[in-house]
Amino acid sequence: MNEKSTRADALVIFGITGDLAAKMTFRALYRLEAAGRLHCPIIGLGQRDWSHGQLVASARDGLAATGQAVEEEAFERLARRMTYLRGNFTDPATYQELAKRLEHASAPLFYLEIPPALFAPVVAALGQAKLTTGASVLIEKPFGRDLASARTLNEELHRTLGEDQILRIDHFLGKQPVLDLAFLRFDNIMFEPVWNRDHVAAVQITMAEDFGVEDRGAFYDSVGALRDVVQNHLMQVLALLAMEAPAGPGPGALWDTKADVFRATADVDPARAVTGQYAGYHDVTGVSSESETETYMALRLEVNTPRWRGVPWFIRAGKALATRATEVRMIFRRPPPLAFLPQPQHIAANQLVLRIDPDPGLRLILASQNAAGTSVRAVHMDLPFAAELGQPPEPYERLLHDALTGEHSLFAREDVVEETWRILQPLIDHPPKPVSYPRGSWGPTGAAELLRGHPGWQLPWLPTPEGTGR
């Protein structure tokens, strides 16, 4: 596959008047500007009758709402870089005017912060206006609602764009701890020899949120936990954990290894999945009173590669749970009883925990004797990333910079997206009926049954005021 590596000379943001721009995009653009990493003009395209001043005011308000500290000189540079174009996304006249503004651009980046139903029509309109030659198109999730719709969307986009022009954004892939997975595995020789079925008993991936749907009822009720975070975020984390080392540099080699993982992953068995819905979900504005949309999902997957055959992969994600925590937990096999100890016993299983959010860090859980040598207990070796390594770029900041500079490693490829939908399609075709669970709990009690015969769900490693966790 031809791998594009052209630096964008213009950024066009479709839907710049929307919530995503207010919450994420303006903040990312400002941080890039303040760091001296933004170098092209920005055209914001929306349907509201805004002036340039209103666009700038919206950017300032968005930064304030996210708590971003603003240095006035950097903000003024960003403001001068931005212009606004009012237009209807399906009106050819909009694209004629856009073409005039892009007269001197040879490699524009079009960022579609718009409803998924508009992805294909907007791309087709860009093509009809002859704006896609040399361009890249950045597309927000969800990318399809199931395998069939993902394939249809890919086919529609490919009528205008080559695969190397399509950047499917998943902000989870821009999180530093997720990026660190590959370095953790392949740049530390102590881990690779035990990163396999001979030493690992099970893997748990948790994404718990302590808040509910709140003001996103209408959106969330059409999506649910599977489509919102499992099919994209958590499946990509699974691939990084399970993949082999890429055969070479460049995004193609990385995505080849991820695709191999998913091709080797069996379709999920609905009998090995549990869904839930937190009490009070039906009272949320925009949620149907008869809704069976899941706000919690737990499932078991099997990755049938020589490295992982026989190791269960457990994924859980939910809203209104006991705490907010996203982590990966690799649970190693237990050692045999050690007869030379004063009281022979099984030592607790070693674990490796990568905390993705909040306060990213790495924890090793090891076994150690007490000072008197009379008992064995688990001890924690913790590495808080920010304290030791400094603050990394934020996910959208990183991904926007990569898109603008032609670095495509962190953007999902067509076959990988389709394979994740294929794996999860049985849950869409035969969804388990959601079980109600109390707010502030750990979800339906039946989720524990998925792990029968394996270590149970582990409580997440949470940060403490001292920054080390518990």
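Fair warning: this is a prediction, and the values are worked out from it, not measured in the lab.

Caption draft 1: Spatial organisation of unusual backbone geometry. Each neighbour pair has its own omega, and for lysine 141 with proline 142 the value is 5 degrees, a cis peptide bond. Considering the arrangement of structural elements, one finds proline 142 in the loop between β5 (136–139) and α6 (147–158). Positioned with a positive phi, lysine 130 is a non-glycine residue whose angle comes to about 60 degrees. Along the chain, lysine 130 turns up in the loop between α5 (119–128) and β5. Judged by relative accessible area, lysine 130 falls into the exposed class, the value being 69%. Even without being glycine, alanine 320 reaches a positive phi, approximately 55 degrees. On the secondary structure map, alanine 320 appears in the loop between β10 (312–318) and β11 (325–332). In this structure alanine 320 comes out as buried when scored by relative accessible area, which is 1%.

Caption draft 2: Layout of the sheet that holds strand β6 (residues 166–168). The sheet built from 6 strands is open, its strands ordered β3-β2-β1-β4-β5-β6 with parallel pairing. Each end of this open sheet is capped by a strand with a single partner; those strands are β3 (82–86) and β6. On average, each strand axis in the sheet is tilted by 20 degrees relative to the strand beside it, whichever way the strands run. Judged from the 4 bridges that link them, strand β1 (residues 10–14) and strand β2 (residues 42–46) form a sheet pairing that is parallel. Bridge pairing in β2 places phenylalanine 14 opposite leucine 45. Relative to the sheet, helix α3 (residues 72–81) contacts β2 and β3, its axis offset from that of β3 by approximately 40 degrees.

Caption draft 3: The arrangement of the side chain of arginine 355 in detail. Topologically, arginine 355 is positioned in strand β12 (residues 351–357). Separated by 3.2 Å, the side chain of arginine 355 and the backbone oxygen of tryptophan 461 make a polar contact.

Caption draft 4: How the structure looks around the nonpolar core. Grouped together as the largest cluster of nonpolar side chains are 141 residues, with contacts concentrated most on Phe14, Leu98, Phe110, Leu241, Leu299 and Trp313. Dropping the residues within four chain positions of it, tryptophan 313 is found in contact with Val203, Leu238, Leu241, Ala242, Leu299, Arg300, Leu301, Val303 and Trp308.

Caption draft 5: How the structure looks around the packing of helix α1 (residues 19–34) against α3. In contact at an axis separation of 9 Å, α1 and α3 are set at 115 degrees when each is read in the N-to-C sense. Considered as vectors, α1 and α3 are oriented roughly perpendicular to each other. Between α1 and α3 lies a crossing of right-handed hand. Mapping the contact onto sequence places Leu29, Tyr30, Glu33 and Ala34 in α1 and Ala74, Phe75, Arg77, Leu78 and Arg81 in α3. Residue classes in the contact of α1 with α3 are distributed as 6 nonpolar, no polar and 3 charged.

Caption draft 6: Geometry of the pattern of salt bridges. Applying the stated criterion across every chain, the model contains 31 salt bridges. In this structure, arginine 27 engages glutamate 394 in a salt bridge whose closest nitrogen and oxygen atoms are separated by 2.7 Å. A residue pair is termed long-range when its members are at least 10 positions apart, and arginine 27 in helix α1 and glutamate 394 in the loop between α11 (385–389) and α12 (395–405) qualify at 367 residues. For glutamate 394, a relative accessible area of 24% gives the class partly exposed.

Caption draft 7: Main features of the packing of aromatic side chains. This structure, assessed with the given rule, holds 10 aromatic pairs. Between tryptophan 50 and tyrosine 84 the ring centres are 5.9 Å apart and the planes differ by 35 degrees, which places this aromatic pair in the tilted class. Taken together, the residues span a long stretch of sequence, with tryptophan 50 in the loop between β2 and α2 (52–66) and tyrosine 84 in strand β3 at a distance of 34 residues. Exposure remark for tryptophan 50: the relative accessible area of 17% places this residue in the buried category. Tyrosine 84 sits in the buried class, given a relative accessible area of 8%. A connected cluster of aromatic rings, assembled from ring pairs, spans Phe14, Phe89, Tyr95 and Phe110. Sitting above the plane of the phenylalanine 143 ring, arginine 168 keeps its charged end 4.7 Å from the centroid. For the cation-ring pair, lysine 258 lies above tryptophan 255, with the distance from its terminal atom to the ring centre recorded as 4.1 Å.

Caption draft 8: The arrangement of the pairing of β1 in detail. Counting buried residues in β1 gives 5 out of 5 residues, a clear majority hidden from the surface. Residues Ala10, Val12 and Phe14 line one face of β1 and the alternating positions Leu11 and Ile13 line the opposite face, and both faces are buried. In terms of strand pairing, β1 meets strand β4 (residues 108–112) through 5 bridges, oriented parallel. Its bridge partner lying in β4, isoleucine 13 is registered against tyrosine 111. A crossover links β1 with its parallel partner β2, the connecting element being α1, and its sense is right-handed.

Cut-offs applied
Every chain begins its residue count from 1, and numbering advances along the sequence as written. Residues qualify for local features only when their pLDDT is at least 70, as the model is predicted, and side-chain atom pairs are given and counted only at 80 or more; totals for whole chains, interfaces and linings, by contrast, use all residues. Side-chain calculation: all heavy atoms of the structure are included, whereas hydrogens and water are not. The way it works is that DSSP assigns letters per residue, a run of H or I at least four long becomes a helix, a run of E at least two long becomes a strand, and they are numbered from the N terminus. Buried, partly exposed and exposed residues are distinguished by accessible area as a fraction of the type maximum, computed with a 1.4 Å probe on protein chains only: under 20%, between the cut-offs, and over 50%, respectively. Two strands are said to pair when DSSP picks up at least two bridges between them. In this analysis an axis means a line fitted to C-alpha atoms, helices contributing only their contacting stretch, and an angle means the value between N-to-C directions, from 0 to 180 degrees. Here, residues are in contact when the closest pair of their heavy atoms is within 4.5 Å. As used in this structure description, the phrase polar contact means that two N or O atoms lie within 3.5 Å; if the pair is within protein, one of them must be able to donate a hydrogen and the other to accept it, and residues adjacent in sequence are counted only when both atoms belong to side chains. To qualify as a nonpolar core, a set must consist of buried Ala, Val, Leu, Ile, Met, Phe, Trp, Tyr and Cys residues joined through side-chain atoms within 4.5 Å. In this scheme, roughly parallel covers angles under 35 degrees and roughly antiparallel covers those over 145, while 65 to 115 is roughly perpendicular and the rest are oblique. Note on convention: the crossing is left-handed when the near helix lies turned anticlockwise from the far helix by less than a right angle, right-handed when the turn is clockwise. Amino acids outside the nonpolar list (Ala, Val, Leu, Ile, Met, Phe, Trp, Tyr, Cys, Pro) and the charged list (Asp, Glu, Lys, Arg) are all regarded as polar, and Gly is one of them. Counted as salt bridges are all cases of a side-chain nitrogen of Lys or Arg within 4 Å of a carboxyl oxygen of Asp or Glu. Stacked, tilted and edge-to-face pairs are distinguished by plane angle, under 30 degrees for stacked and over 60 for edge-to-face with tilted covering the rest, among Phe, Tyr and Trp rings (Trp via its six-membered ring) whose centres lie within 6.5 Å. Both a distance and an angle decide whether a charge sits over a ring: NZ of Lys or CZ of Arg must be within 6 Å of the ring centre and within 35 degrees of the ring normal. Whether a crossover is right-handed depends on one test, that the path from the first strand over the helix to the second runs clockwise when the strands point away from the viewer.

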